[in-house]
Amino acid sequence: MIQFQTSTQMAGGEEFVARFWNVEAARLGLTVQQLSDQCDESIGAYDRIWKALESGQ
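Residues numbered from 1 in each chain as written. Predicted model: local features only at pLDDT ≥ 70, side-chain atom pairs only at ≥ 80, totals over all residues. Heavy atoms only, no water.

### Some thoughts on unusual backbone geometry
At step 1: The phi dihedral of Gln9 is positive, around 55 degrees, even though this residue is not glycine.
At step 2: With respect to the element layout, Gln9 can be found in the loop between helix H1 (2–8) and helix H2 (13–28). (Helix = DSSP H or I, 4+ residues; strand = E, 2+ residues; numbered from the N terminus.)

The following block contains the structure:
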C-alpha cells in the first residue's frame, strides 16, 4: 500500500494508508512499528521459501 501510494500519489491516499496501519495494528494489539516489523519478517520468509523452491530444496 505504501509503495502504491508513493508511486500514484492518490488524493487522500496517505491519510488512508496511515489510518489503515493504525487500525490494523490496534486490532492485532501491536504498535505500528511491531506490525511493520512483522510484515518485513513475513516478506523475508516468503523470499527464502520461494528461493528454496526455485533451487529444488
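Still more to cover.
### Examining the side chain of Gln5
At step 1: By the secondary structure assignment, Gln5 is in helix H1.
At step 2: Beyond its immediate stretch of four places on either side in the chain, Gln5 contacts Met10, Gly13, Glu14 and Val17. (Contact = heavy atoms within 4.5 Å.)

### Here we look at helix H3 (residues 32–54)
At step 1: Taking 1.5 Å as the rise per residue, H3 with 23 residues should run 33 Å; its terminal C-alpha atoms sit 33 Å apart, in good agreement.
At step 2: Among the residues trailing H3, Gly56 stands out with phi positive, at a value near 80 degrees. (Expected span 1.5 Å × (residues − 1).)

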